Amino acid sequence: MHSAVQRANTAATIAAILLATICAAASFLDAFNSPSLQAHVQVVKINRFRRQLDGNDEVKMTLKMSMDLTSLFTWNTKQVFVFLAAEYETDTNSLNQVLLNYISFLYLLISISFISVLIYYFFFKVSLWDHIVQEKERASFQVKVPTKYPLIDQGTNLRGKKVGLVLHWHIMPISGRMIQGKMPLSNFSLPDSYTTRS
């Protein structure tokens, strides 16, 4: 006859194996989810376009957004982090991305290696807007908002530039790996001259 400790050990082992199997299955099944999200973003107004005192261009604008992110959610989804990035070309760079948010800074603070710092600076992006969606019921929305973060160029390259808006998302699962994706949206052109002085 087995003791109470042996029975508890057996029950805990079986429970741990079942939990690990369920987590592995959830992570495996997420690979078969092919989201078909719908999103539309339009620049309604350029609120401020100026040259900063340090010589960099800065743009603040109002966006009209409608998104349906429900297809990103599965039964293994904890939350979805979405952000809107701006991409444009200059004479010195074929691609400039604007995505400066707290995740970039956390990555830099957590990863103190020299390579991580180089990666951060060479793949610097700038975000105009971000949002965390924690429930599938709130994954479809329409908003008209000013940009959370200004579009800042390191130089005076933004006048008359064509800027593309790209929606990025990171699906944070309950178990398994984080899934990310992106979708190009609309383009807009900035004015040829500043709207306000620095």
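In this text, all values refer to a predicted model and were calculated from it rather than measured experimentally.

## Observations regarding the side chain of Glu 58
Stage number 1. Summarising the element assignment, Glu 58 is placed in strand S2 (residues 57-68).
Stage number 2. Taking relative accessible area as the criterion, Glu 58 reaches 5% and is therefore assigned buried.
Stage number 3. Here the side chain of Glu 58 touches Arg 48 through a polar contact of 3.5 Å, side chain to side chain.
Stage number 4. Among the polar contacts listed, one links the side chain of Glu 58 to the side chain of Arg 50, at a separation of 2.6 Å.
Stage number 5. In contact with Glu 58, not counting residues within four places along its chain, are Arg 48, Phe 49, Arg 50, Gln 52, Pro 150, Leu 151 and Ile 152.

## Notes on the confidence of the model for the chain
Stage number 1. Per-residue pLDDT for the chain has a mean of 77; in total, 79% of the residues score no lower than 70.
Stage number 2. Per-element confidence in the chain ranges from a low mean pLDDT of 41 for helix H3 (residues 114-122) to a high of 89 for strand S6 (residues 140-146).
Stage number 3. A low-confidence stretch, residues 99-124 stays under pLDDT 50, and its non-local contacts, those more than four residues away or across chains, total 28 contacts.

Reading the values: rules and limits
Residues numbered from 1 in each chain as written. Predicted model: local features only at pLDDT ≥ 70, side-chain atom pairs only at ≥ 80, totals over all residues. Heavy atoms only, no water. Helix = DSSP H or I, 4+ residues; strand = E, 2+ residues; numbered from the N terminus. Buried < 20%, exposed > 50% of the residue type's maximum accessible area, 1.4 Å probe, protein only. Polar contact = N/O pair within 3.5 Å; in protein donor to acceptor, adjacent residues only side chain to side chain. Contact = heavy atoms within 4.5 Å. pLDDT = per-residue confidence, 0-100.

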